[in-house]
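Structural characterization, general
Residue strings, one per chain:
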Amino acid sequence: MPYEPPTHTVERSLRAVTGAKIVAGVDEVGRGAWAGPVTVCAAVTGLRRPPEGLTDSKLISPKRREVLAEQLESWVTAHALGHASHEEIDLLGMTAALRLAAVRALEGLPVRPDAVILDGKHDYLGAPWHVRTVIKGDRSCIAVAAASVIAKVRRDKMMAELGVDHADFGFAANAGYPSPVHRAALEERGPTPHHRLTWAYLDALPQWRHLKKARSWADASVPEIEGQLGFDF
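Attention here is on the structure that accompanies the text. These numbers come from a predicted model, not from an experiment. (Residues numbered from 1 in each chain as written. Predicted model: local features only at pLDDT ≥ 70, side-chain atom pairs only at ≥ 80, totals over all residues. Heavy atoms only, no water.)

A closer look at the overall build of the protein
Along the backbone of the protein there are eight helices and five strands. Ordered by position in the sequence, the α and β elements of the protein form the string α-β-β-α-β-α-α-β-β-α-α-α-α. Its C-alpha atoms give the protein a radius of gyration of 18 Å, near enough to 17 Å, the size a compact globule of 233 residues would have. Judged by the C-alpha coordinates and their principal axes, the protein covers about 55 × 40 × 30 Å. (Helix = DSSP H or I, 4+ residues; strand = E, 2+ residues; numbered from the N terminus. Rg over C-alpha atoms; globule rule 2.2 N^0.38 Å.)

The following block contains the structure:
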């Protein structure tokens, strides 16, 4: 089904209301994966018209995403990526890991943005960043959509490289997310060195359950943005 193309409406609003001159769109990929890092891209686009076909990366075919990501990397005013490793996710929890990756991305920009458009309803960045959260921002906001495509393509390539030594897991196809191939490999071989060991999928693997790490970082007073998927996906 067709989707409305993203616009600069939120960015224009932020500029008008806050006086922000530099606005970054931020999006993540890898939150719900069983393996690999979570990756965040921060993109600054200005108010120019984007390349044709830009929208949420999940709505674009892999082949088209790669072409579009290449176009975007030369079209955006600036962009930077930040990653939080699977070890950092296990140690800190997903909310803190997302913030770590996002801060790394934002601090990697050549100029600090005055405001940030963050995809979703949860502000996992917080102070001192000036954040506007937008549900489905990767569909409606040009800067966030650009960030979503760049982040997706970059992380997919990372996961394909990690999967070279673990061919049975199909990382080149599933990027560490749940899939029948991934599930079958986990049942037979157990987790690789790239798997998140606090994740719920281990509960369904009796022979490997002893490898699960306790969530010592959990704090009931702080809501976690997990997005985890067990084996009942």
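Structure shown, so let's carry the discussion forward.
Quick look at the nonpolar core
Ranked by size, the top nonpolar core spans 37 residues in total, and within it Val 26, Val 38, Val 40, Leu 106, Leu 109 and Tyr 201 carry the most contacts. Within the residue set of this core, elements represented by two or more residues are strand 1 (23–29), strand 2 (38–44), strand 3 (78–84), helix 4 (94–107), strand 4 (115–119) and helix 8 (180–189). Per-element tally for this core: the top contributor is helix 4, with eight residues. In contact with Leu 106, other than residues within four places in its own chain, are Ala 24, Val 26, Ala 42, Pro 113, Val 116, Leu 125 and Trp 129. Counting 19 residues, the second largest nonpolar core, distinct from the first, contains Val 29, Leu 54, Trp 75 and Val 149. (Core = buried A, V, L, I, M, F, W, Y, C linked by side-chain atoms within 4.5 Å. Buried < 20%, exposed > 50% of the residue type's maximum accessible area, 1.4 Å probe, protein only. Contact = heavy atoms within 4.5 Å.)

Observations concerning the packing of aromatic side chains
Counted by the stated rule, this structure contains two aromatic pairs. Ring centres of Trp 34 and Tyr 201 lie 5.2 Å apart, and the angle between their planes is 35 degrees; on these two criteria the pair is classed as tilted. In this pair, Trp 34 sits in the loop between strand 1 and strand 2 while Tyr 201 sits in the segment after helix 8, placing the two residues 167 residues apart along the sequence. Considered together, Trp 34 and Tyr 201 belong to a single accessibility category, that of buried residues. Taking 5.8 Å as the distance between ring centres and 45 degrees as the angle between the ring planes, the aromatic pair formed by Phe 169 and Phe 171 counts as tilted. Residues Phe 169 and Phe 171 agree in their burial class; the two are buried. The ring of Trp 129 has Arg 112 lying over it, and the distance from NZ or CZ to the ring centre is 4.0 Å. A cation over an aromatic ring shows up here: Arg 196 above the ring of Trp 199, its NZ or CZ 5.2 Å from the ring centre. (Phe/Tyr/Trp six-rings, centres within 6.5 Å; stacked < 30°, edge-to-face > 60°. Lys NZ or Arg CZ within 6 Å of the ring centre and 35° of its normal.)

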